[in-house]
Amino acid sequence: MLVEAKRAAPLDQKSLFETEQEFIAPGVQTIALLSELAIDHGRGSTLVDVNGRAYLDLNAGVSVASLGHAHPRYVRALTEQLEAVSVGSFTSRPRAELVKLIADLAPGDLTRTQFFSGGAEAVEAAIRLARSYTKRTDIIGFTGGFHGKTAGVLPISEIDWKTSVGPLPTGQHVAVYPDVTTFDGTAEECAHASLKSLRAVIEEECRGRPAAIIIEPIQGTAGNIVPPDGFLAAVRQMAAEYGALLIADEMITGFGRTGKMFGCDHDGVVPDIMTVGKGMGGGFPVSAVISTDEIMSAKPFSLPSASSSSYGGNPLAAAAALTTIRTIVEENLAAHAASIGKLLRDGLNAIAQRHGTIANIRGRGLLVGFDLVTDANSEQLLAKSDCVQFFKDCLARGLIMMCYTPRVRIHPPLILRADEAQHALTVIDEVLAQTSGC
Ligand SMILES: Cc1ncc(COP(=O)(O)O)c(C=O)c1O
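This one's a predicted model, so the numbers in the text were calculated from it and none came from an experiment.

## Things to note about the overall build of the protein chain
Consideration 1: Within the protein chain one finds 14 helices and 14 strands.
Consideration 2: The C-alpha radius of gyration of the protein chain comes to 22 Å, within 12% of the 22 Å expected for a compact globule of 438 residues.
Consideration 3: Counting only C-alpha atoms and orienting by the principal axes, one finds that the protein chain spans roughly 60 × 55 × 45 Å.
Consideration 4: In the protein chain, which comprises 438 residues, the share counted as buried stands at 54%.
Consideration 5: The long-range share in the protein chain, meaning contacts at least 24 apart out of those at least 6 apart in sequence, stands at 71%.

## A short note on the environment of Thr79
Consideration 1: Within the secondary structure layout, Thr79 lies in helix H5 (residues 72–84).
Consideration 2: Relative accessible area serves as the criterion here: at 37%, Thr79 is assigned to the partly exposed category.
Consideration 3: C-alpha separation for the pair Thr79 and Leu316, spaced 237 residues apart in sequence, amounts to 9.2 Å.

## Some points on the domain arrangement of the protein chain
Consideration 1: Per the domain assignment, the segments making up the protein chain are domain 1 (72–330) and domain 2 (334–364 + 430–438).
Consideration 2: Its C-alpha centre places domain 1 at a distance of 29 Å from the equivalent point of domain 2.
Consideration 3: The interface is formed by 14 residues belonging to domain 1 together with eight residues belonging to domain 2.
Consideration 4: Summed over both partners, the interface of domain 1 with domain 2 comes to about 900 Å²; 56% of that surface belongs to carbon and sulfur atoms.
Consideration 5: Contact with domain 2 buries area across many residues of domain 1, yet Thr181, Val226 and Gly259 alone supply 39% of it, more than any other trio.
Consideration 6: Counting every contact that joins domain 1 to domain 2 gives one salt bridge.

## With respect to the packing of helix H6 (residues 93–105) against helix H11 (residues 315–330)
Any two packed helices are characterised by the angle at which their axes cross and by the distance between the axes.
Consideration 1: Interhelical geometry of H6 versus H11 gives an angle of 40 degrees and a closest axis separation of 8 Å. Here H11 runs oblique to H6, going by the angle between their axes. Seen along the crossing, H6 lies across H11 with a hand that is left-handed. Of H11, the residues touching H6 (which contributes Pro94, Arg95, Glu97, Leu98, Leu101, Ile102 and Leu105) are Pro315, Ala318, Ala319, Ala321, Leu322, Ile325, Arg326 and Val329.
Consideration 2: Grouping the amino acids of the contact of H6 with H11 by side-chain chemistry returns 12 nonpolar, no polar and three charged.

## Structural notes on the packing of helix H8 (residues 187–205) against helix H9 (residues 231–241)
Consideration 1: Relative to each other, H8 and H9 sit at 20 degrees, their axes nearing to 11 Å. On the basis of their axis angle, the class for H8 and H9 is roughly parallel. In terms of crossing hand, the pair formed by H8 and H9 is right-handed. Taken together, the residues of H9 that come into contact with H8 (itself represented by Ala191, Ser194, Leu195, Leu198, Arg199 and Ile202) are Phe231, Ala234, Val235, Met238 and Glu241.

## Regarding the nonpolar core
Consideration 1: Membership of the largest hydrophobic core comes to 94 residues, with the highest contact counts inside it found for Met280 and Met401.
Consideration 2: Broken down by element, the residue count for this core peaks at eight residues, all from H11.
Consideration 3: Both of domain 1 (72–330) and domain 2 (334–364 + 430–438) provide at least three residues apiece to this core.
Consideration 4: Sequence-distant contacts of Met401, that is, excluding residues within four places in its chain, are made with Ile31, Leu58, Phe370, Phe390, Phe391, Cys394, Val408, Arg409, Ile410 and Ile428.
Consideration 5: In terms of nonpolar packing, the next biggest core, distinct from the first, is built from 23 residues, Ala126, Ala212, Met251 and Met296 among them.

## A closer look at the site of the ligand
Consideration 1: Taken together, Gly118, Gly119, Ala120, Phe146, His147, Gly148, Glu216, Asp249, Met251, Ile252 and Lys278 are the residues near the ligand.
Consideration 2: Between the ligand and Gly119, the relevant distance is 2.8 Å, taken from an oxygen atom to a main-chain nitrogen or oxygen of the residue.
Consideration 3: Note that a nitrogen atom of the ligand is positioned 3.4 Å from one of the backbone N or O atoms of Phe146.
Consideration 4: For the ligand, the accessible surface in isolation is 390 Å², of which the surrounding protein chains cover 78%.
Consideration 5: In terms of residue class, the shell around the ligand is made up of four nonpolar, four polar and three charged.

## Some details on the pattern of salt bridges
Consideration 1: Under the criterion given, the structure shown has 17 salt bridges.
Consideration 2: Asp179 is the salt-bridge partner of Arg407, the closest N and O atoms lying 2.9 Å from each other. Remark: Asp179 occurs in the loop between strand S6 (172–175) and H8 and Arg407 occurs in strand S14 (residues 407–410); sequence separation between them is 228 residues.
Consideration 3: For Asp272, the salt bridge goes to Arg236, with nearest N and O atoms at 2.9 Å. Here Asp272 is found in the loop between strand S8 (245–249) and strand S9 (273–276), whereas its partner Arg236 is found in helix H9, with 36 residues between them in sequence.
Consideration 4: Each member of the salt-bridge network shares a partner with another, and the members are Asp179, Arg362, Asp371 and Arg407.

## A closer look at unusual backbone geometry
Consideration 1: Following Gly166, the chain continues into Pro167 via a peptide bond in cis, with omega recorded as 5 degrees.
Consideration 2: Along the chain, the position of Pro167 falls in the loop between strand S5 (138–142) and S6.
Consideration 3: One non-glycine residue, Glu36, lies in the positive phi region at around 55 degrees.
Consideration 4: Relative to the elements of secondary structure, Glu36 occurs in the loop between helix H3 (30–35) and strand S1 (39–43).
Consideration 5: Taking relative accessible area as the criterion, Glu36 reaches 37% and is therefore assigned partly exposed.
Consideration 6: Not every positive phi belongs to a glycine, and Lys135 is a case in point at roughly 60 degrees.

Scoring rules and cut-offs
Residues numbered from 1 in each chain as written. Predicted model: local features only at pLDDT ≥ 70, side-chain atom pairs only at ≥ 80, totals over all residues. Heavy atoms only, no water. Helix = DSSP H or I, 4+ residues; strand = E, 2+ residues; numbered from the N terminus. Rg over C-alpha atoms; globule rule 2.2 N^0.38 Å. Buried < 20%, exposed > 50% of the residue type's maximum accessible area, 1.4 Å probe, protein only. Contact = heavy atoms within 4.5 Å. Domains from an automatic or database assignment. Buried area = accessible area lost by both parts, 1.4 Å probe. Salt bridge = Lys/Arg side-chain N within 4 Å of Asp/Glu carboxyl O. Axes fitted to C-alpha atoms, helices over the stretch in contact; angles between N-to-C directions. Parallel < 35°, antiparallel > 145°, perpendicular 65-115°, else oblique. Left-handed = near helix turned anticlockwise from the far one by under 90°. Nonpolar A, V, L, I, M, F, W, Y, C, P; charged D, E, K, R; others polar. Core = buried A, V, L, I, M, F, W, Y, C linked by side-chain atoms within 4.5 Å. Near = heavy atom within 4 Å. Polar contact = N/O pair within 3.5 Å; in protein donor to acceptor, adjacent residues only side chain to side chain. Areas by Shrake-Rupley, 256 points an atom, 1.4 Å probe, with all protein chains shown as cover.

Here it is as structure tokens:
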């Protein structure tokens, strides 16, 4: 009886959301809490709620749904794999093809891949690998960085509550990321100041012996912040100078998102280790650490069962990643992301000319950011409550976008069409025109 009652879930969006809220733990993503959406299905870059209302999705599950929703090729591949086999660590056809494909696409001689299920898990594994190889301990991240919420990455993730769940692991340090949009000076001076800070952390906090420097080629969670040209290359050089490995956390920037296959490619940088996830699996929880033969052979990381996990690279995960990456390559989605991203940035720049309440339009490919500001002259960031209103106004017009804080983040499916991008710009323009104080 009880089971029957629970099954008869109400279909109305509001009651479905409220029913779930009674039982789901607090702490769900802000975008889900603020929107109160209950999604019925998605197609392409469109999500449809249980009331039948359609939304253009510029969020894509925070850069996860690279092929959009229910891509026919993806659905077919996963269905076929489910009917074959989905669990286990034995060699499977999709995994064997996947590791070869990743080796072909990854820069330099990064030809070895190990799979995991989530981003933080992969970053923690990359840290374990760096320590296994260098026999050193210290890891350096950057201000504004985000690498997940597990203990092993909290010290290098900018999260305001992290000290409340301590003690946090030691041996992790933070240098200053070059955010040109907040720096008082030129891009060159900004990069220089960051490199100076990095060197000071290496010398003073790591006794000149860091195991690794970990960096996001574009900082996603901080607001899609693009470092000055040449900065990644300079960090690469400094890592080599001190015998540290460079870990590029390409969780968001990987696999076509920025208009090239990897974020590091924009600076011609080959990291020692790359962490990938999110868009690589098109929605299936799969992440990975990619490195060289030599580094991946380091013990204890390489010992039998030492780098493995329950779900990492299982046949279903492998089929999801294989299909997603193949589609990105075969449908030329990196180049598509570059051109639609430019359309979005050009449109946002034109809007900024008209309204002056958006500023610092930035990004690469379909990783786009801008700031909501009080006025063009001061460029002071808008109060959070006003941003939430902006988010709700966009949502009311059928646009889903991470714009409930002033540092707006846009990362739609890589298949976003030009007419859809244009529609998003029209909505943003209309909302800014209507909203006083925005
Ligand atoms: C660059 C980066 N690394 C790691 C993570 C953590 O990924 P997950 O949430 O899957 O643990 C994220 C998540 O947003 C990320 O943006």
